[in-house]
Amino acid sequence: MSLTVYAPASMGNVGVGFDLLGAALAPIDGSLLGDRVTITAAESGVSLAQTGAWAHKLPDNPQDNIVYQCAEFFLEALGKDEGVALTLEKNLPVGSGLGSSASSVVAALYALNEHFDRPYNEQALLELMGEFEGKISGSVHYDNVAPCYLGGMQLMLNVPGTVCEAIPSFKEWYWVVAYPGISLSTAMMRKLMPDQYDKSVTIDFGRYLSAFVHASYQQNAELAISVLKDVLAEPYRAAAIPGYDNARVALADIGMLTTGISGSGPTLFSITDNLATANAAKVWLEQHYLTEAGGFAHVCHLDERGTRRVD
């Protein structure tokens, strides 16, 4: 018997919360923007088939794929010596700023946990996801993994027993996301940032993030928009994303309330509370920001459901 799991795309940082804030995405047209993993029992060992729009960007050798490695990691952690056959439907582009690797990792580990009758509870499975993500990226960052798994907007706490907590979101907001079709290395984009910051910048970072969280609980959308600013990464990354600065200006002229970089880019997000404005922004982005085959734009709400079975 097989089961299939879907894990949504996610935005790390959400502009104002570098490494500390993340949100899952759900296109309002009902389409699923994220990877799927199907799992069945096998006689022995791990096998992986790769399908989907972006499968051609994955390593040719399945053993080099993070989903295959997830299975080995999970089985070792569980102390199991059972065979599993996995199929990864790769629907998110690699290096897009939409949590592509997190989507694959979360879908795989969620599917494995379901297949073996949920040996890990929610918190333990989240920590396992973070541990594996850290193995492949060199450091643990939950700002894609947590919202991808749990849905909504998640604030990273990283205190004993609690990795993150959901914060209220603005249901009236439309998040327009646009991926231009190029890939950018997260490691490369991190290197663009300085090793140290001026004291005034770190104070602004703390002020804007705390004000955004406060505004979220107060459901004060005007305040939230006014402080949704990235002072740590965007000033150093914007120039490395072709067309980003021009898009920010154009989207503001269309009437979008604010625009930022999703994760480390090149995907951007732009927010409005008006559907007509969101659709106009989507059209502009499709005409001017999407430069390569495979680029796309979606009008989204936040995905409150997170990772789930879709079989």
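This text goes with the structure placed above it.
Residues numbered from 1 in each chain as written. Predicted model: local features only at pLDDT ≥ 70, side-chain atom pairs only at ≥ 80, totals over all residues. Heavy atoms only, no water.

Enquirer: With reference to specific residues and values, describe the packing of helix 2 (residues 100–115) against helix 4 (residues 142–150).
Expert: The geometry of helix 2 relative to helix 4 is characterised by a closest axis approach of 9 Å and an angle of 50 degrees between their N-to-C directions. The pairing of helix 2 with helix 4 is recorded here as oblique in orientation. Helix 4 is crossed by helix 2, and the crossing has right-handed handedness. Every residue of helix 4 that contacts helix 2 at Ala102, Ser103, Val106 and Tyr110 is listed here: Asn144, Val145, Cys148 and Tyr149. Tallied by class, residues from the contact of helix 2 with helix 4 come to 6 nonpolar, 2 polar and no charged. (Axes fitted to C-alpha atoms, helices over the stretch in contact; angles between N-to-C directions. Helix = DSSP H or I, 4+ residues; strand = E, 2+ residues; numbered from the N terminus. Parallel < 35°, antiparallel > 145°, perpendicular 65-115°, else oblique. Left-handed = near helix turned anticlockwise from the far one by under 90°. Contact = heavy atoms within 4.5 Å. Nonpolar A, V, L, I, M, F, W, Y, C, P; charged D, E, K, R; others polar.)

Enquirer: An account of helix 1 (residues 66–78) is requested, with residue identities and associated values reported.
Expert: In a regular helix each residue adds 1.5 Å, so 13 residues correspond to 18 Å; helix 1 covers 18 Å between its end C-alpha atoms and thus fits that length. Buried residues of helix 1: Ile66, Val67, Tyr68, Cys70, Ala71, Phe73, Phe74 and Leu75, and no others. N-capping of helix 1 is provided by Asn65, with a side-chain oxygen placed 2.7 Å from the backbone N of Val67. Immediately downstream of helix 1, the backbone of Gly79 shows phi near 70 degrees, a positive value. (Expected span 1.5 Å × (residues − 1). Buried < 20%, exposed > 50% of the residue type's maximum accessible area, 1.4 Å probe, protein only. Polar contact = N/O pair within 3.5 Å; in protein donor to acceptor, adjacent residues only side chain to side chain.)

Enquirer: If you had to explain the environment of Pro62 to someone new, which residues and values would you point to?
Expert: Tracing the sequence through the fold places Pro62 in the loop between strand 5 (46–51) and helix 1. Looking at Pro62, the relative accessible area reads 28%, which means it is partly exposed. Residues Pro62 and Ala49, 13 residues apart in the sequence, show an inter-C-alpha distance of 7.4 Å. When near neighbours in sequence (up to four residues on either side) are disregarded, Pro62 contacts Leu48, Gln50 and Tyr68.

In short, geometric facts, not functional conclusions.
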